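What the coordinates show
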Amino acid sequence: MPVTRVPRRPTAPRLMAVTAVALLGFLAWYLFSGRGAGLLPQDSWGPWREKRVHDWSVWVRVNSWSDAAEADGHYGKADDFTLQAYGTSATATTVMDGARFTLAPDGELTVDGPRAR
């Protein structure tokens, strides 16, 4: 009895398609969860808004596409800090007065320290 061979469809195109979909899904999750906010276009960031905290001048902006925020704080020319809350909160402690600034990804800025009352 002769052996009948059934032609198999190539699996390489299927495997490539599944891999491409998985990579695109991972990339979308990475960018829009806030972890890849540095890779997003500059237009996706909102305007810088000033928040006065004690004698500190802190500028905060929030990304409109993902869960991310950035802050830039200055105490004259004496001290400064930069925070990048990409997906999770970021914290910085100042050298001058020991104030601890925490920036949430939604742009909320809190301060804790010797002068926070």
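Before going further, it helps to spend a moment on the packing of aromatic side chains. One pair of aromatic rings is described through two measures. These are the centre distance and the angle between the planes. Here the structure, examined in full by the defined rule, presents six aromatic pairs. Centroid distance phenylalanine 26 to tryptophan 29: 5.7 Å. Interplanar angle 35 degrees. Geometry classified as tilted. With phenylalanine 26 and tryptophan 29 both in helix α1 (residues 12–32) and three residues apart, the pair spans about one turn of that helix. Taking relative accessible area as the criterion, tryptophan 29 reaches 46% and is therefore assigned partly exposed. Summarising the aromatic geometry, the rings of tryptophan 45 and tyrosine 86 are spaced 6.3 Å apart at their centres and angled 45 degrees between planes, so their arrangement reads as tilted. Placement of tryptophan 45 in the loop between α1 and β1 (49–53) and of tyrosine 86 in strand β4 (residues 79–86) is noted, with a sequence separation of 41 residues between them. You'll find tryptophan 45 and tyrosine 86 in the same group, each marked buried. Clustering of aromatic rings is evident, with ring pairs tying together Trp56, Tyr75, Phe81 and Phe101. For the cation-ring pair, arginine 61 lies above tryptophan 45, with the distance from its terminal atom to the ring centre recorded as 4.6 Å.

On to the nonpolar core. Counting 16 residues, the largest nonpolar core has Val58, Phe81, Leu83, Phe101, Leu103 and Leu109 as its most contacted members. Each residue touching leucine 83, except ones within four places of it in the same chain, is listed here: Ala69, Glu70, Ala71, Ala90, Thr91, Ala92, Phe101, Leu103 and Leu109.

One pass over the full model with this rule turns up two salt bridges. When the shortest N-O distance is used, the salt bridge between arginine 52 and glutamate 50 registers 3.6 Å. On the basis of relative accessible area, arginine 52 is assigned to the exposed category, the value being 58%. Between glutamate 70 and arginine 61 there is a salt bridge whose closest N-O contact spans 2.7 Å. Owing to a relative accessible area of 10%, arginine 61 belongs among the buried residues under this scheme.

With that settled, the discussion passes to the side chain of serine 57. With respect to the secondary-structure elements, serine 57 resides in strand β2 (residues 56–62). A distance of 2.8 Å separates polar atoms of two side chains, one belonging to serine 57 and the other to glutamate 50. A polar contact is formed between the side chain of serine 57 and the side chain of tryptophan 59, at a distance of 3.5 Å. When near neighbours in sequence (up to four residues on either side) are disregarded, serine 57 contacts Glu50, Lys51, Arg52, Asp72, Gly73 and His74.

Strands in a sheet are paired, the pairing made by backbone hydrogen bonds, and the direction either parallel or antiparallel. Ordered in space as β5-β6-β7, the three strands form an open sheet in which the pairing is antiparallel. Looking at the sheet topology across the chains shown, the edges are occupied by β5 (90–93) and β7 (109–112). Neighbour-to-neighbour, the strand axes of this sheet turn through a mean angle of 20 degrees, independent of strand direction.

Counting through the fold element by element, asparagine 63 comes out in the loop between β2 and β3 (68–75). A polar contact is formed between the side chain of asparagine 63 and the backbone nitrogen of serine 66, at a distance of 3.2 Å. If we skip the residues at most four places from it in the chain, asparagine 63 touches Leu40, Ser44, Trp45 and Ala68.

Parameters and conventions
- Residues numbered from 1 in each chain as written.
- Predicted model: local features only at pLDDT ≥ 70, side-chain atom pairs only at ≥ 80, totals over all residues.
- Heavy atoms only, no water.
- Phe/Tyr/Trp six-rings, centres within 6.5 Å; stacked < 30°, edge-to-face > 60°.
- Helix = DSSP H or I, 4+ residues; strand = E, 2+ residues; numbered from the N terminus.
- Buried < 20%, exposed > 50% of the residue type's maximum accessible area, 1.4 Å probe, protein only.
- Lys NZ or Arg CZ within 6 Å of the ring centre and 35° of its normal.
- Core = buried A, V, L, I, M, F, W, Y, C linked by side-chain atoms within 4.5 Å.
- Contact = heavy atoms within 4.5 Å.
- Salt bridge = Lys/Arg side-chain N within 4 Å of Asp/Glu carboxyl O.
- Polar contact = N/O pair within 3.5 Å; in protein donor to acceptor, adjacent residues only side chain to side chain.
- Pairing = 2+ DSSP bridges.
- Axes fitted to C-alpha atoms, helices over the stretch in contact; angles between N-to-C directions.

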